[in-house]
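Close look at the chain arrangement
Residues per chain are reported as follows:
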Amino acid sequence: MKIGEMLVKSGQVSPHQVEEAMRNQKTTKKRLGELLVDMGAVSERQLVDTLAVQLGLPAVKLYEVPIDRSVLLSISEAIARKHCLVPIQRVNGKIRVAMADPLNYEALEEVRMLTGSMIQPVIAGRTEIENTIRKMYRLEDTMNEILGEIDLVTAVSPEEEPDEQSAPVVRLVHQIIQSAVMQQASDIHIDPQEKQVVVRFRIDGVLHIEKVLPKAMQSVLTARLKIMSKINIAERRLPQDGRIHLQVERKVIDIRVSTLPTVYGESVVLRILDQSAGIKKIIDLELSEMNERQFRRMIRKPNGLILISGPTGSGKTSTLYSALGELNIPDVKIVTVEDPVEYNLEGVSQVHVNAQIGLTFSKGLRSILRQDPNIVMVGEVRDVETAEIVVRASLTGHLVLSTIHTNNALSAVHRMSDMGIDRYLIAPSLACVMAQRLVRKVCPVCSQKVPAREDEYRLFELSGLTQGDNDNLKLTKGKGCGACNQSGYSGRLAIHEVLVVDEALRRMIIQNQPVEAMERHLKEGGFQTILADGLTKARQGLTTVEEVLKAVSDE
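Note that the structure is a prediction, hence the values are computed from the model and not measured. (Residues numbered from 1 in each chain as written. Predicted model: local features only at pLDDT ≥ 70, side-chain atom pairs only at ≥ 80, totals over all residues. Heavy atoms only, no water.)

**Observations regarding the sheet that holds strand 9 (residues 265-274)**
Pairing within the open sheet is antiparallel, and its six strands lie in the order 6-5-4-9-8-7. Both edges of this open sheet fall to strand 6 (206-214) and strand 7 (240-248), since each of them pairs with a single strand only. Ignoring strand direction, the axes of neighbouring strands in this sheet form an average angle of 20°. Pairing analysis gives ten bridges linking strand 8 (residues 251-262) to strand 9, with the strands arranged antiparallel. Across the sheet, the residue bridging to Leu260 is Ser267, located in strand 9. Against the sheet, helix 11 (residues 218-228) contacts strand 4 (187-192), strand 5 (196-203), strand 6, strand 7, strand 8 and strand 9, and its axis sits at roughly 45° relative to strand 9. (Pairing = 2+ DSSP bridges. Helix = DSSP H or I, 4+ residues; strand = E, 2+ residues; numbered from the N terminus. Axes fitted to C-alpha atoms, helices over the stretch in contact; angles between N-to-C directions. Contact = heavy atoms within 4.5 Å.)

**Topic: the environment of Met298**
One can find Met298 in helix 12 (residues 289-299). Among the residues examined, Met298 registers a relative accessible area of 4% and is labelled buried. The sequence separation of Met298 and Lys523 amounts to 225 residues, and the corresponding C-alpha distance is 19 Å. Here Met298 is in contact with Ile306, Leu399, Ala431, Cys432 and Val500, once residues within four sequence places are set aside. (Buried < 20%, exposed > 50% of the residue type's maximum accessible area, 1.4 Å probe, protein only.)

**Observations regarding helix 4 (residues 44-55)**
When the terminal C-alpha atoms of helix 4 are compared, their 16 Å separation across twelve residues agrees well with the 16 Å that a helix rising 1.5 Å per residue should span. Along helix 4, the residues that are buried comprise Glu44, Arg45, Gln46, Leu47, Val48, Thr50, Leu51 and Ala52. Once helix 4 finishes, Gly56 follows within two positions and takes phi at roughly 70°, a positive value. (Expected span 1.5 Å × (residues − 1).)

**Regarding the sheet that holds strand 13 (residues 375-378)**
Spatial strand order, 12-11-13-14-10-15-18: seven strands in an open sheet with mixed pairing. Looking at which strands have only one partner, the edges of the open sheet turn out to be strand 12 (349-352) and strand 18 (489-500). The mean inter-strand angle of the sheet, taken between neighbouring strand axes irrespective of direction, is 15°. Here strand 11 (residues 334-338) pairs with strand 12 via four bridges, running parallel. For Thr336, the partnering residue across the bridge sits in strand 12 and is Gln350. Contacts from helix 12 reach strand 10 (304-309), strand 14 (399-404), strand 15 (430-442) and strand 18 within the one sheet, and its direction differs from that of strand 18 by about 60°. Helix 21 (residues 530-539) rests against strand 15 and strand 18 of the sheet, and its axis sits at about 140° to strand 18.

**Description of the packing of helix 2 (residues 15-28) against helix 3 (residues 32-39)**
At their nearest, the axes of helix 2 and helix 3 sit 9 Å apart, and the two run at 110° to each other. Between helix 2 and helix 3, the crossing angle belongs to the class labelled roughly perpendicular. Between helix 2 and helix 3 lies a crossing whose hand is right-handed. Along its contact with helix 2, which presents Gln17, Val18, Glu20, Ala21, Met22, Asn24, Gln25 and Thr28, the element helix 3 presents Leu32, Leu35, Leu36 and Met39. (Parallel < 35°, antiparallel > 145°, perpendicular 65-115°, else oblique. Left-handed = near helix turned anticlockwise from the far one by under 90°.)

**Points about the pattern of salt bridges**
Enumeration over the complete set of coordinates arrives at 24 salt bridges. Put simply, Glu110 and Lys82 hold a salt bridge, and the shortest N to O gap is 3.6 Å. Remark: Lys82 occurs in helix 6 (residues 77-83) and Glu110 occurs in helix 7 (residues 105-115); sequence separation between them is 28 residues. The class for Lys82 is exposed, based on a relative accessible area of 54%. (Salt bridge = Lys/Arg side-chain N within 4 Å of Asp/Glu carboxyl O.)

Here it is, written out as structure tokens:
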């Protein structure tokens, strides 16, 4: 069956669209599937999957596949671009080649002659192949220079702007960071393995393999990053932390660097903070109307403890900064103690924790309370000493904002109790807990409405969110396109639950009543769980049910 017929039969395109593509084919000489993608009638990923079924060949997603550098270099960049293909791996003596057109027998024969090996074609999207060619071949000259000039790692100072005359390792690091910023990655992971070094980017919360480097480059790459972040280049046995401040693509970027000794060398993780993006306002946090109203009301209290809870990387600190941004007015004294200070707030006194000189959270807190602040922000409640001070500060006329690691809002009460804080102190001090998670947003370019599956409808029904539309519930999902790297998602948003501590709940905390009793009380008061908030946003077309369930699977 021809590709056009298969796409029509599966309902992905209409007969009219195929006819239009066939008319264009006479003048463009492009293949039918490529024209349908250009028209926007079908996504590149849908075309790849359909071709895989038609031809009986495997399909791959290149951003998930580790590419063997020696195999890649078996053909030139010119040949790869000419035929839109890229060699990726050697499997059982055959070279696996990702191709946009696996029926291009001329290309298959040319690659076979150049490599001297049998070829195993697999199908990949044209955009993915072009991106891989641009990304992988661009680095080869740089890597070859590094391998030939290993001693140049310290040839250029961290402040010096990279250029063509700079040490090759400087250009390599700059290329990696630049690529991460362009792809809006939140983290860069440089993971040493037995025979290679894998560079991965975390984009929208998901790790993707970006590059696989030779093992010989590990030491110079790590050393260069240590020099840039001003940490001890000679210390390889202990974890270390540092910071890099630089400008990339006209953006001011702050990078937190963490090294960790492993059996194969030091693992390095770079957390990217875009200082030029500024601090979000509360209205930009995409809180539901009820949650935003309650949160705004609580941060305007003259005293009390407000906690933002969630796992690492769930945007807790960004939410704190949003609150401080709105509370920061001339007649209010705000002091923060953070590890580290992520964003500079004009008019706010910010203290950077430094455990090496004895400036801990608890010691910093004791000092800032003598500064006569109205509002105190503590980066994290991580030990009993800090917890005791924030509780007592909130009971003595201060509004205290902080974060805590718990699964949901109600768990914050038990977490503080487990730390050793008496419940008769927790109850009067705690004003509000907001739990949050980050979920991926549906790509706006390739989004489409699809009928809800039976299990999805049942979930909405159990959450009381069906509104009687049994047969008409439609959800938004991304088909996958070049804009979102075929993932169907682009960007992230937070889902929340806001727990306001009322008098009845305070009595229940003091009496150490069971969690079930507290949950019943909250439900009777209209409390919306983080799951319900996520499903509401899925219904609004902002995210998907799969993303919500993945984020709250521990609930």
